Amino acid sequence: EWVAGGQRVLIDGSRAYLDQARERYSMLKVIGIDARLESLPGRLRQRGREDEQAITERLQRNVAYQSSLNQVDWRIENNRGIEHAAAQMLAIIRAY
């Protein structure tokens, strides 16, 4: 509804649906958020939302995600803390 009305919409979507979203919304712009592979297991365990099996599966999916980073319009390296990543995100949104 908002998109049809010409509004800009920010969505936190799953990378698994990126191809479908691109097909549906030709004007889609994508901000890819990435972190160093070696830091991910510890970060996921620290969150405490997933068990070891889910973390292993998520890390395996992340390998496939790396190739999709070539399809993004902007890329945020989320290695220096949430404040830095958020500042990058806001700068992109304000510039666009």
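The structure presented is a predicted model; accordingly, all values stated were derived computationally and were not measured. (Residues numbered from 1 in each chain as written. Predicted model: local features only at pLDDT ≥ 70, side-chain atom pairs only at ≥ 80, totals over all residues. Heavy atoms only, no water.)

A few words on the overall build of the protein. A tally of helices and strands in the protein yields four helices and two strands. In the protein, the order of α-helices and β-strands from amino to carboxyl end is α-β-α-α-β-α. Within the span of the protein, comprising 96 residues, buried residues form 19% of the whole. Residue pairs at least 24 apart in sequence account for 60% of intrachain contacts in the protein once pairs closer than 6 positions are excluded. (Helix = DSSP H or I, 4+ residues; strand = E, 2+ residues; numbered from the N terminus. Buried < 20%, exposed > 50% of the residue type's maximum accessible area, 1.4 Å probe, protein only. Contact = heavy atoms within 4.5 Å.)

The next thing to look at is the nonpolar core. Core analysis: the largest hydrophobic core is formed by five residues, namely Leu-18, Val-30, Tyr-65, Leu-69 and Val-72. In contact with Tyr-65, not counting residues within four places along its chain, are Arg-15, Gly-32 and Ile-33. (Core = buried A, V, L, I, M, F, W, Y, C linked by side-chain atoms within 4.5 Å.)

Right, let's talk about a nonpolar patch on the surface for a bit. Together, Trp-2, Val-3, Val-9, Ile-11 and Met-27 make up an exposed nonpolar region whose accessible area comes to about 530 Å². By relative accessible area, which is 33% here, Val-3 ends up partly exposed. (Patch = residues over 30% accessible without salt bridge, like charges linked within 9 Å, V, L, I, M, F, W, Y side chains within 5 Å. Areas by Shrake-Rupley, 256 points an atom, 1.4 Å probe, with all protein chains shown as cover. Salt bridge = Lys/Arg side-chain N within 4 Å of Asp/Glu carboxyl O.)

Attention shifts here to the confidence of the model for the protein. With 100% of its residues at a pLDDT of 70 or more, the protein has an overall mean of 88. Taken element by element, the predicted model of the protein shows its lowest mean pLDDT in helix α3 (residues 52–68) (85) and its highest in helix α4 (residues 82–95) (94). (pLDDT = per-residue confidence, 0-100.)

Within the secondary structure, Asp-34 sits in strand β1 (residues 31–34). At a separation of 2.7 Å, a polar atom in the side chain of Asp-34 contacts the side chain of Arg-75. (Polar contact = N/O pair within 3.5 Å; in protein donor to acceptor, adjacent residues only side chain to side chain.)

Inspection of the secondary structure assignment puts Asn-62 in helix α3. Beyond its immediate chain neighbours, meaning those up to four positions away, Asn-62 contacts Arg-15, Leu-37 and Leu-40.

By the definition in use, this model includes one aromatic pair. Taking 5.6 Å as the distance between ring centres and 75° as the angle between the ring planes, the aromatic pair formed by Trp-74 and Tyr-96 counts as edge-to-face. With Trp-74 in strand β2 (residues 74–77) and Tyr-96 in the segment after α4, this pair connects stretches of sequence that are 22 residues apart. The class of Trp-74 is partly exposed, set by a relative accessible area of 28%. (Phe/Tyr/Trp six-rings, centres within 6.5 Å; stacked < 30°, edge-to-face > 60°.)

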